[in-house]
Amino acid sequence: MLSAAPDPIRSPVTARPAGSRRALVAGSVGNFIEWYEFGVYGYFATVIAAHFFTPEGGSDVEALVKTYASFALAFFFRPVGAAVFGRLGDRIGRRPTLVLVICLMTGATTLIGALPTYESIGAAAPWLLTLLRILQGLSAGGEFGGAVSLMTECAPPGRRGRYGAWQSFTVSLGLLAGAGMAALLATVLTTSQLNGWGWRVPFLLTLPLGFVALWLRLRLDETPAFASAVGESGEPVRRPPAGETVRAVALGAGRLMGWSAAGYTFLVVLPSYLQSTLNATFQQALVATVLANLGFAASILPAGTVSDRIGRRPVMLAGALLVAVLALPLLHLVQDTGAPVYAKGAALFAAGAAVGLMAGPGPAMLAEMFPTTVRYTGLGLAYALSNAVFSGCAGLIITEVVEWTGDVDVPAYYAAAACAVSAVALLTLRGDDHERALR
């Protein structure tokens, strides 16, 4: 594993507090936009399926599966984006790469809101949607590595966990914003208006958000860690052996798989699962998702802060084990028609909070695994690979297996199994990584 050097938690170049805050905001806003859009796509999966993936004679389930297949495809392009933009970010710097990423992400998301449907242009519609999802996947793959590198490299001493946790916190804010927008539109618009044009509004709103993110990133300075890691030529002075980086990427993906699988199961896939499997209304499904996301948001920053004091391993391990043990009982409670509403709400909140225990320290944990010269690439690939396999495929796997087996407990099995494996990988974490300086 590529781990930090055994020095006290003291960076050779310390960022100014103002620069640290600016980096935190600029890194967070792009991530907010990314997850806002991915949340919106998940929440409107059934509407998108009807517009883009239901040729005459196709079933609703078939259309939903195709929608999730497009969802998964975008995730499988994340590792490509992580490799391409990560390599760029480790060579020319975090700032210019993140500017390029936000432009690509904003453009692709906005165009989804303006895309003609199957009814208008026929079979070209799903292909164009899939192309835009691929561009989103590429940009999202480049976003995480750059944002986390930016935040952790600019963090004051002893606060990498809290600064890195803002990346995860903006995931929850983005998902909540997407859910809130979907709920608002479902409330103020009729069903025909929502299905006709209302679903486009959340995608089009990405354009002004993207301009704000671009403005913030153009005002950034390069991170002190990257500036000190390159020579006069502007090229990194030393790179670790490729084999070491590959092993660290694989281990990092294993440590994150529980977060990826449980996060998307409870925070994004849940609305469509509740509608298609438990016959919940769109509004009921959104309320359930908001509660899970509120629990997720509530635990992230405390988890990151605590991990700066006691280490990443105990906090992340607690989250993985909680999901592994409690996923099935919590899902049974949600499925129970006789259970009190407040008990179901508490169960969903608790599920989200358990995921937050993994997501809070996760970014800092990844940053500490890689030296500056490959950090953007390494942590971006680890995150992208984990998300491609365990997040991007979550909706597709759960929908298909529930349809095939008739077992409505599949989401709990999926999240619990991934967290159990992730817990084993987390046991390999050293207890003092949080006390060591980034290399």
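Looking at this model, I keep getting lost on the overall build of the protein. Mind explaining?
Looking only at helices and strands, one finds 20 helices and zero strands in the protein. In the protein, which comprises 439 residues, the proportion classed as buried is 60%. Expressed as a percentage of contacts within the protein between residues at least 6 apart in sequence, the contacts between residues at least 24 apart total 86%. With an accessible surface of roughly 16,200 Å², the protein has 68% of that area assigned to carbon and sulfur atoms.

Explain the pattern of salt bridges here, please?
If charged atoms from side chains of opposite charge come close, those side chains can pair. Scanning the model with the defined rule gives eleven salt bridges in all. Linking Glu 37 and Arg 133 is a salt bridge whose minimum nitrogen-to-oxygen distance equals 2.8 Å. Placement of the pair is Glu 37 in helix α1 (residues 17-43) and Arg 133 in helix α7 (residues 124-153), with a sequence separation of 96 residues. What makes Glu 37 buried here is its relative accessible area of 2%. The buried category is assigned to Arg 133, whose relative accessible area is 0%. Here Asp 308 makes a salt bridge to Arg 312, at a shortest N to O gap of 2.9 Å. Counted as one network, the salt bridges with shared partners bring together Asp 90, Arg 94, Glu 153 and Arg 375.

What is the right way to look at empty space enclosed by the protein in this model?
Empty space among the atoms becomes apparent when a probe as large as a water molecule is rolled across them. On inspection of all chains with the given rule, the structure shows three cavities of 30 Å³ or more. Approximately 100 Å³ is the volume found for the largest cavity. Together, Trp 35, Val 171, Leu 175, Trp 259, Ser 260, Gly 263, Tyr 264, Leu 267, Phe 296, Tyr 383, Asn 387 and Ser 391 line the largest cavity. At the level of elements, α8 (160-188), α13 (242-278) and α18 (372-390) are the ones that each hand at least two residues to the lining of the largest cavity. It is α13 that provides the largest number of residues to the lining of the largest cavity, a total of five residues. Considering only residue class, the lining of the largest cavity consists of eight nonpolar, four polar and no charged. Lining the second largest cavity are Thr 265, Phe 266, Leu 270, Tyr 273, Leu 330, Leu 331, Val 334, Ala 347, Leu 348, Ala 351 and Pro 411. Elements with a contribution of two residues or more to the lining of the second largest cavity: α13, α15 (312-335) and α16 (341-359). Here the lining of the second largest cavity gets four residues from one element, more than from any other, and that element is α13. Along the lines of polarity and charge, the residues of the lining of the second largest cavity split into ten nonpolar, one polar and no charged.

Rules behind the numbers
Residues numbered from 1 in each chain as written. Predicted model: local features only at pLDDT ≥ 70, side-chain atom pairs only at ≥ 80, totals over all residues. Heavy atoms only, no water. Helix = DSSP H or I, 4+ residues; strand = E, 2+ residues; numbered from the N terminus. Buried < 20%, exposed > 50% of the residue type's maximum accessible area, 1.4 Å probe, protein only. Contact = heavy atoms within 4.5 Å. Areas by Shrake-Rupley, 256 points an atom, 1.4 Å probe, with all protein chains shown as cover. Salt bridge = Lys/Arg side-chain N within 4 Å of Asp/Glu carboxyl O. 1 Å grid on protein atoms, 1.4 Å probe; cavity = no way out; pocket = protein on both sides within 12 Å on 5 of 7 lines; lining within 4 Å. Points joined across faces, edges and corners; volume = space filled by probe spheres on them. Nonpolar A, V, L, I, M, F, W, Y, C, P; charged D, E, K, R; others polar.

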